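Remarks on the overall topology
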Amino acid sequence: MTEVKNNFNVIKEIRSIEQQLYGKAMMIAGISLLLTLSSCEKDDDDIDDPEPVTEIVDETVDQMASYPGGIPALMDFLNENIKYPEQAEREGIEGRVVAGFIVERDGSVSNIEILKSVHPLLDAEVIRVLSLMPNWIPGRQNGQLVRVKYSLPITFRLMSDDESSNAKIQ
């Protein structure tokens, strides 16, 4: 009976540590995302669009495109869907991949590209997950829906043995 109680306490302690680590990772990712989103810009030049562009949007818009549920929901989506590639984990590959994409007038995500590469395995995982994103709430300029370019940093970091045996995405 004592052994079962000790095992329960160990599991409870592990869950507490995991929750603390998740909270810290979410905070770091959120801050990083906010800093990156502040440099968003509109980009109509390299997109095939049958609808004529009637206005040019400078580096800022009246209302930025946003992920449904905001940044916390975006972080949840990324953490739930990104899987640390096994080979990258085995080889100890870590780093921050920066991806760019366009939020279209209908909220869909297009033109996903890697702006800063770490390794092809990590890059491919970021592209895979970003292509799964649901539609965003589109940006607006002067009351009109506009296309907005976003940059999104995603940090792949392996936890040390004393932190956890699992890889974490920030």
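As the structure is a prediction and not an experimental result, all values here were calculated from the model.

The next thing to look at is the pairing of strand S1 (residues 95-103). Most of S1 is tucked away: 7 of the 9 residues are buried. As judged from the 9 bridges shared by S1 and strand S5 (residues 148-158), these two strands associate in the antiparallel manner. Counted as the bridge partner of Val 97 is Ile 154 from S5. In the sheet, S1 pairs with strand S2 (residues 109-116) via 5 bridges, with the strands oriented antiparallel. Bridge pairing in S2 places Val 103 opposite Val 109. The hairpin formed by S1 and S2 contains 5 residues between the paired strands, and Gly 107 there has a positive phi angle of roughly 90 degrees.

Moving on: unusual backbone geometry. Phi at Asn 111 is positive, roughly 50 degrees, even though this residue is not glycine. Note on placement: Asn 111 falls in strand S2. Judged by relative accessible area, which is 35%, Asn 111 ranks as partly exposed. The backbone of Asn 142 sits at a positive phi, close to 55 degrees, despite the residue not being glycine. Checked against the element boundaries, Asn 142 lands in the loop between strand S3 (139-141) and strand S4 (144-146). Since its relative accessible area comes to 57%, Asn 142 is described here as exposed.

What follows covers the environment of Val 97. Assignment of secondary structure puts Val 97 in strand S1. Separated by 17 residues in the primary sequence, Val 97 and Ile 114 have C-alpha atoms spaced 7.3 Å apart. When neighbours within four sequence positions are excluded, Val 97 is seen to be in contact with Ile 114, Lys 116, Val 118, Leu 122, Asp 123, Val 126, Leu 152, Pro 153, Ile 154 and Phe 156.

On inspection of all chains with the given rule, the structure shows 6 aromatic pairs. Ring geometry for Tyr 84 and Phe 156: centres 5.4 Å apart, planes at 90 degrees, overall edge-to-face. Placement of Tyr 84 in the loop between helix H2 (70-81) and helix H3 (86-90) and of Phe 156 in strand S5 is noted, with a sequence separation of 72 residues between them. Each of the two residues, Tyr 84 as well as Phe 156, counts as buried.

The next subject is helix H4 (residues 120-130). Looking at H4, one finds that the buried residues are Leu 122, Asp 123, Glu 125, Val 126, Val 129 and Leu 130. Projected down its long axis, H4 carries its buried residues within an arc of 160 degrees, all on one side. Check the buried side of H4 and you find it contacts H2, H3, S1, S2 and S5.

About the thresholds
Residues numbered from 1 in each chain as written. Predicted model: local features only at pLDDT ≥ 70, side-chain atom pairs only at ≥ 80, totals over all residues. Heavy atoms only, no water. Buried < 20%, exposed > 50% of the residue type's maximum accessible area, 1.4 Å probe, protein only. Helix = DSSP H or I, 4+ residues; strand = E, 2+ residues; numbered from the N terminus. Pairing = 2+ DSSP bridges. Contact = heavy atoms within 4.5 Å. Phe/Tyr/Trp six-rings, centres within 6.5 Å; stacked < 30°, edge-to-face > 60°. Arc of directions from axis to C-beta.

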